[in-house]
Amino acid sequence: MWERMAHRPVIQYRRAFDFALAPADLWASIERVDQFERWWPWLHEFRMEGESLTAGSVLYGVVVPPLPYRMSIRVELTHCEAPIAIDAVIGGDLVGPACLRVHPDGDRSRVEVAWAVEMMQRPMRLASRFGLPLLQWGHDRVVDTTVAGFRRRLASAG
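Since this is a predicted model, take the numbers as computed values, not measurements. (Residues numbered from 1 in each chain as written. Predicted model: local features only at pLDDT ≥ 70, side-chain atom pairs only at ≥ 80, totals over all residues. Heavy atoms only, no water.)

Draft legend 1. Representation of the overall build of the chain. The secondary structure content of the chain amounts to three helices and seven strands. Listing each helix as α and each strand as β along the chain from the N terminus yields β-α-α-β-β-β-β-β-β-α. Over its C-alpha trace the chain gives a radius of gyration of 16 Å, about what one expects of a compact globule, namely 15 Å for 158 residues. Counting only C-alpha atoms and orienting by the principal axes, one finds that the chain spans roughly 45 × 30 × 30 Å. Taking all 158 residues of the chain together, 44% fall into the buried category. In the chain, the proportion of contacts linking residues at least 24 apart, taken out of those at least 6 apart, comes to 45%. Carbon and sulfur atoms form 58% of the exposed surface of the chain, whose accessible area is close to 9300 Å². Of the charged side chains in the chain, 19 are positive and 19 negative; the average position of the first set lies 8 Å away from that of the second. (Helix = DSSP H or I, 4+ residues; strand = E, 2+ residues; numbered from the N terminus. Rg over C-alpha atoms; globule rule 2.2 N^0.38 Å. Buried < 20%, exposed > 50% of the residue type's maximum accessible area, 1.4 Å probe, protein only. Contact = heavy atoms within 4.5 Å. Areas by Shrake-Rupley, 256 points an atom, 1.4 Å probe, with all protein chains shown as cover. Lys, Arg positive; Asp, Glu negative; His and termini not counted. Charge placed at Lys NZ, Arg CZ, Asp CG, Glu CD.)

Given below as structure tokens:
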């Protein structure tokens, strides 16, 4: 599932991040889906079907990176176990599996995330033929910036 398929426009990501909150407190912040668009300026038209982060809930949004394109995505939560795990299937302009795991580390948390998403838009598929390393690099920078911003939000809320 996580192996890159030859000649497929797939962005893969796997990384761990440390947060200065216990898992239950971190999970409470992650559940503040009403704040997602405020926290992440690249997310537009966000909505969720379902009342909380539970299996069966579906999150919708439009990703607007600092490039001249938009991607509509649908994230179906297939498994949720508060405060430690989310598995999801992404659909729309990006397609593939994703997961998040929260591990306690004293009064802190270590969060592991992973996904492998195939770009479905024709322009992105064409761009990936020659520029997949650049697209991957840009994606990774956006994730790093997103996590740094989330850490700042957590610190200012505490």
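And the narrative resumes.
Draft legend 2. Just the sheet that holds strand S5 (residues 85-92), in detail. Across the sheet, which stays open at both edges, the seven strands sit in the order S1-S7-S6-S5-S4-S3-S2 with antiparallel pairing between neighbours. Strands at the two margins of the open sheet, each flanked by one partner only, are strand S1 (10-19) and strand S2 (43-49). If you compare each strand with its neighbour and ignore which way they point, the axes differ by 15° on average. For strand S6 (residues 94-105) and strand S7 (residues 108-119), the ladder comprises ten bridges, and the chain directions are antiparallel. Bridging from a neighbouring strand, Val102 pairs with Val111 of S7. Packing against the sheet, helix H1 (residues 23-30) makes contact with S1, strand S4 (71-81), S5, S6 and S7, and its axis sits at approximately 145° to S6. The strands that helix H3 (residues 122-157) touches are S1 and S7; relative to S1, the one it contacts most, it runs at about 15°. (Pairing = 2+ DSSP bridges. Axes fitted to C-alpha atoms, helices over the stretch in contact; angles between N-to-C directions.)

Draft legend 3. Main features of the nonpolar core. In this structure, Phe19, Leu26, Phe36, Leu77 and Phe150 are the most contacted members of the largest nonpolar core, which totals 41 residues. The leading source of residues in this core is H3, at seven residues. Leaving out residues up to four positions away in the same chain, Leu77 has contacts with Leu53, Thr54, Ala55, Gly56, Ser57, Leu59, Ile86, Asp87 and Ala88. (Core = buried A, V, L, I, M, F, W, Y, C linked by side-chain atoms within 4.5 Å.)

Draft legend 4. Focus on the environment of Gly106. Structurally, Gly106 is set in the loop between S6 and S7. On the basis of relative accessibility, which here comes to 72%, the residue Gly106 falls in the exposed class. In this structure the C-alpha to C-alpha distance between Gly106 and Arg32, which are 74 residues apart in sequence, comes to 23 Å.

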